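Examination of the molecular architecture
What follows is each chain in one-letter form.
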2 protein chains.
Amino acid sequence: MQAKNIAVVGATGAVGEEILRVLERRNFPVGKLKLLASERSVGKTLDFKGKPVPVELLAAGAFKGTDIAFFSAGATRSREFVPAAKAAGAVVVDNSSAFRMDPNTPLVVPEVNPGDLRRHKGVIANPNCTAAILATAVWPIHQAVGIRKIVVSTYQSASGAGAAAMRELEDQVRQYAEGKPVTHTVFPHQIAFNLFSHNTKVAENGYNEEENKVIEEMRKMFHAPDLPILPTCIRVPVLRAHSESVALELEAPMSPEEAREILRRAPGIKIVDDPVANHFPMPLEASGDLDVHVGRIRRDLTNPNGLALFVAGDQLLKGAAWNAVQIAEELAKLPVEVA
Amino acid sequence: MQAKNIAVVGATGAVGEEILRVLERRNFPVGKLKLLASERSVGKTLDFKGKPVPVELLAAGAFKGTDIAFFSAGATRSREFVPAAKAAGAVVVDNSSAFRMDPNTPLVVPEVNPGDLRRHKGVIANPNCTAAILATAVWPIHQAVGIRKIVVSTYQSASGAGAAAMRELEDQVRQYAEGKPVTHTVFPHQIAFNLFSHNTKVAENGYNEEENKVIEEMRKMFHAPDLPILPTCIRVPVLRAHSESVALELEAPMSPEEAREILRRAPGIKIVDDPVANHFPMPLEASGDLDVHVGRIRRDLTNPNGLALFVAGDQLLKGAAWNAVQIAEELAKLPVEVA
């Protein structure tokens, strides 16, 4: 792959920093590297391949010469600055929700719908973390036999709410350990030793924003606009990997053995399913891993077409940074278009 | 109510201590109070109504004059000593799994099947904590319209594994806060900042013991031997309340408004369901409360007969000690049998 000039927007955030680590880890051919952030972070430096790189101000003029711009600074900043990056000739991989449901923007998990990359018009959306992890885990089953319904309850880590939320969880356990009152400013409720319904607005349909993202994004990626999904999104006191309890209703029966074999051969999945050792997917083990861990693969004893599983995936990696870099890797494999 | 002589077996355990607190809180008319435990705890004292009570050795001869014996020292000790308590004339409320599925032993949540108490033969079983909390929350809906299927994913606290497990979670966050390596001896995996599939043996059917208890005990209490239930039981880093994400398939449609009204009128339930304030059931708020908190009551958008909810209940109270004391209160209301 030819070296690419890279810009990382939101470089000092939890996902931005992980993008740098994944670019290193994948030995991605980075030409010039530009780190962009808001005023507050200008002057800081971040290490890349052992060298300090200064953080520059995010501005419309900052994208000159950029081949690929990773955006991870929230939907508002994406809406403001993605057009400038596009105009400067960069291909944008956007981790925010700004363009995910735009019909002209492909929403891609490379293990699921890499073909959608071909119709990009300068912007590719990176899905919501919960949706990306769920999609990776159940797509091979959907391909094999067809999914009729998904009931999913999540166990979502603090990292989904950013670096400040991770620090808040750590601060709270420190306060608790020192016998001090436990305080919170990032989350609406104490997260240490607690859990709560996902801290996004509940819409008129009774589902919060996170749950509605899971429904809509799964349908878009699966090209299944009516796929029935019942999500319950819950925040738990875990630092950086999301877990998901998944009940599937399939179009035809599939034994746990068949499912295990299909998932074992599928890309991006690691089977962690050892009943004898009582060893199944755990966020602590999934943290730092590019693969999504899948286990507890078992029959739904109440439905011949049912199958249940438990999933854990690193929210910052497959749920964000790794999926974004993976999209960039896939883009480089596409045939060069002749204008 | 006439004063009753009470024995608490396993008095120094997490549930045993809570039984004392609930007896105080309910102003239960306690005559003589006997605290029984294994050799290790003999010599300790526990406070009851401000006075120290010595812990005595659990032995077959210890139950003379006891009216009600609360057992909470595990299934092995229940199997060994319940017959002696019964022979001494005590009525036993057993918190272990030893007799729950025995056809001659009623398994009771007083809000659900108080009538079953009438056919007791000296022993009443207190259900598994997850089953007790789930049963309390969904029984009123089952009564109103009939439940066709339950899919439940749990978020279970450390207290379910006893006082030592609660200490292990606290020790681990302390170790983490002090930058020390995090160690574990009670649970098979680190629990702080982690979660894992319930630490009981996985049976041949693919479900662990906890999940199979939920299935079997719900069916017994509901007098619905074939009630379809798909449980996934997960341990989370929370101290003492269990949460449950519940998807119900009903025999007929029920609107969230109807369900909320039915649950609001039902005993043992507190509705915590405020989408505007993003305030729903949380283990931290359910801790210490006798009621089961129910919220996120919403339609399953994929099924006209579907309904979803989120539940939190104190594992040590409704899941154990309070349900046991409540059974004793109900027993006292029964007409005295004439031999």
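As recorded in an unreviewed UniProt entry, chain A goes by Aspartate-semialdehyde dehydrogenase and comes from Enhydrobacter aerosaccus. Database annotation for chain A, UniProt heading Subunit (unreviewed entry): "Homodimer." The UniProt entry for chain A carries the following comment under Sequence similarities (unreviewed entry): "Belongs to the aspartate-semialdehyde dehydrogenase family."

For the structure shown, the criterion picks out eleven aromatic pairs over all chains. Above the ring of Phe280(A), the side-chain terminus of Arg296(A) is found at 5.4 Å from the ring centroid.

Before going further, it helps to spend a moment on unusual backbone geometry. The phi dihedral of Lys49(A) is positive, around 50°, even though this residue is not glycine. By secondary structure assignment, the location of Lys49(A) is in the loop between strand E3 (45-48) and strand E4 (51-57).

This part covers the packing of helix H3 (residues 129-145) of chain A against helix H5 (residues 209-221) of chain A. All names here are of chain A. Their axes nearest at 9 Å, the elements H3 and H5 cross at an angle of 45°. Taken together, the axes of H3 and H5 lie oblique to each other. As H3 runs across H5, the sense of the crossing is right-handed. Residues Cys129, Thr130, Ala131, Leu134, Ala135 and Val138 of H3 form the contact with H5, whose own contacting residues are Glu210, Val214, Glu217, Met218 and Met221. Of the residues assigned to the contact of H3 with H5, the class counts are eight nonpolar, one polar and two charged.

In this section: the state of the cysteines. Two cysteines joined by a covalent bond between their sulfur atoms form a disulfide. All names here are of chain A. The tally for this structure, following the rule as stated, stands at zero disulfides over all chains. Cysteine cysteine 233 is unpaired, with the sulfur of cysteine 129 as its nearest cysteine sulfur at 8.8 Å. On the accessibility criterion, cysteine 233 (0% relative accessible area) is buried.

For the match of chain B to chain A, the screw axis carries a shift of 0.0 Å, the RMSD comes to 0.0 Å, and the turn is 180°. Both copies are brought into coincidence by an operation consistent with a two-fold rotation axis. Residues of chain B ranked by C-alpha distance from the rotation axis are headed by Val173(B), positioned 3.0 Å from it. Counting the interface residues of chain B, we find that 100% of their copies in chain A are interface residues as well, pointing to one common contact surface.

A separate point is helix H3 (residues 129-145) of chain B. All names here are of chain B. With 17 residues, H3 should reach 24 Å at 1.5 Å per residue; the first-to-last C-alpha distance of 25 Å fits that figure. The largest bend in H3 is about 45°, located at valine 138, with the proline proline 140 one to four residues further on. With 14 of 17 residues buried, H3 is to be regarded as a mostly interior element. For H3, the N-terminal capping position is held by asparagine 128, with its side-chain oxygen 2.9 Å away from the main-chain nitrogen of threonine 130.

Let's shift gears to the UniProt feature "binding site: phosphate" (unreviewed entry) in chain A. All names here are of chain A. In this structure's numbering, the residues bearing the UniProt feature "binding site: phosphate" (unreviewed entry) are Arg100. Position of arginine 100 among the secondary structure elements: in the loop between strand E6 (91-94) and strand E7 (123-125). Among the residues examined, arginine 100 registers a relative accessible area of 6% and is labelled buried.

Bringing the interface of chain B and chain A into the picture now. At the interface, 57 residues of chain B touch 57 residues of chain A. Counting each side, the surface lost to burial between chain B and chain A is near 4,800 Å², with a carbon and sulfur contribution of 61%. Along the contact surface separating chain B from chain A lie four salt bridges. Across the pair Asp300(B) and Lys149(A) runs a salt bridge whose closest N-O atoms are separated by 2.6 Å. Scanning the region where chain B abuts chain A turns up 30 residue pairs in polar contact (both at pLDDT 80 or more). At the level of elements, strand E8 (147-155), helix H4 (163-177), strand E9 (196-197), strand E10 (229-232), strand E12 (241-250), helix H7 (283-286), strand E14 (292-299) and strand E15 (306-314) of chain B are the ones that each hand at least two residues to the side of chain B that touches chain A. For the side of chain B that touches chain A, the leading source of residues is H4(B), giving six residues.

Residue and element names in this part refer to chain A. Because side chains alternate across E6, one face comprises the buried residues Val91 and Val93, and the other comprises Val92 and Asp94, equally buried. The pairing of strand E5 (residues 68-71) with E6 spans four bridges and is classified as parallel. From the neighbouring strand, phenylalanine 71 faces E6, where its bridge partner is aspartate 94. On the question of chirality, the crossover connecting E5 to the parallel E6 by way of helix H2 (residues 75-87) is right-handed. Sheet topology places E6 next to E7; three bridges connect them, and they run parallel.

So, about the domain arrangement of chain A. Residue and element names in this part refer to chain A. One can read the domain layout of chain A as domain 1 (4-127 + 320-333) and domain 2 (131-315). Between the C-alpha centres of domain 1 and domain 2 there is a distance of 25 Å. Between domain 1 and domain 2, the contact holds 21 residues from the first and 20 residues from the second. Across the interface of domain 1 and domain 2, roughly 1,700 Å² is buried in total on both sides, 61% from carbon and sulfur atoms. Taken together, domain 1 and domain 2 are joined by two salt bridges. For arginine 100, the salt bridge identified is with glutamate 217, shortest N-O distance 3.0 Å.

Attention now goes to the sheet that holds E15(B). Residue and element names in this part refer to chain B. On the basis of which strands lie adjacent, the open sheet formed by six strands has the order E10-E8-E12-E15-E14-E13 and mixed pairing. The outermost strands of the open sheet, each flanked by one partner alone, are E10 and strand E13 (269-271). Neighbour-to-neighbour, the strand axes of this sheet turn through a mean angle of 25°, independent of strand direction. In terms of strand pairing, E8 meets E12 through eight bridges, oriented antiparallel. Looking at the pairing, tyrosine 155 lines up with serine 243 of E12.

The rules behind these values
Residues numbered from 1 in each chain as written. Chains lettered and ligands numbered in written order. Predicted model: local features only at pLDDT ≥ 70, side-chain atom pairs only at ≥ 80, totals over all residues. Heavy atoms only, no water. UniProt positions renumbered as here; feature names shortened; annotations may be inferred. Phe/Tyr/Trp six-rings, centres within 6.5 Å; stacked < 30°, edge-to-face > 60°. Lys NZ or Arg CZ within 6 Å of the ring centre and 35° of its normal. Helix = DSSP H or I, 4+ residues; strand = E, 2+ residues; numbered from the N terminus. Axes fitted to C-alpha atoms, helices over the stretch in contact; angles between N-to-C directions. Parallel < 35°, antiparallel > 145°, perpendicular 65-115°, else oblique. Left-handed = near helix turned anticlockwise from the far one by under 90°. Contact = heavy atoms within 4.5 Å. Nonpolar A, V, L, I, M, F, W, Y, C, P; charged D, E, K, R; others polar. Disulfide = S-S within 2.5 Å. Buried < 20%, exposed > 50% of the residue type's maximum accessible area, 1.4 Å probe, protein only. Least-squares fit on C-alpha atoms with pLDDT ≥ 70 in both. Expected span 1.5 Å × (residues − 1). Bend = angle between axes of the 7 residues up to and from the residue. Polar contact = N/O pair within 3.5 Å; in protein donor to acceptor, adjacent residues only side chain to side chain. Buried area = accessible area lost by both parts, 1.4 Å probe. Salt bridge = Lys/Arg side-chain N within 4 Å of Asp/Glu carboxyl O. Pairing = 2+ DSSP bridges. Right-handed = clockwise from strand over helix to strand, strands pointing away. Domains from an automatic or database assignment.

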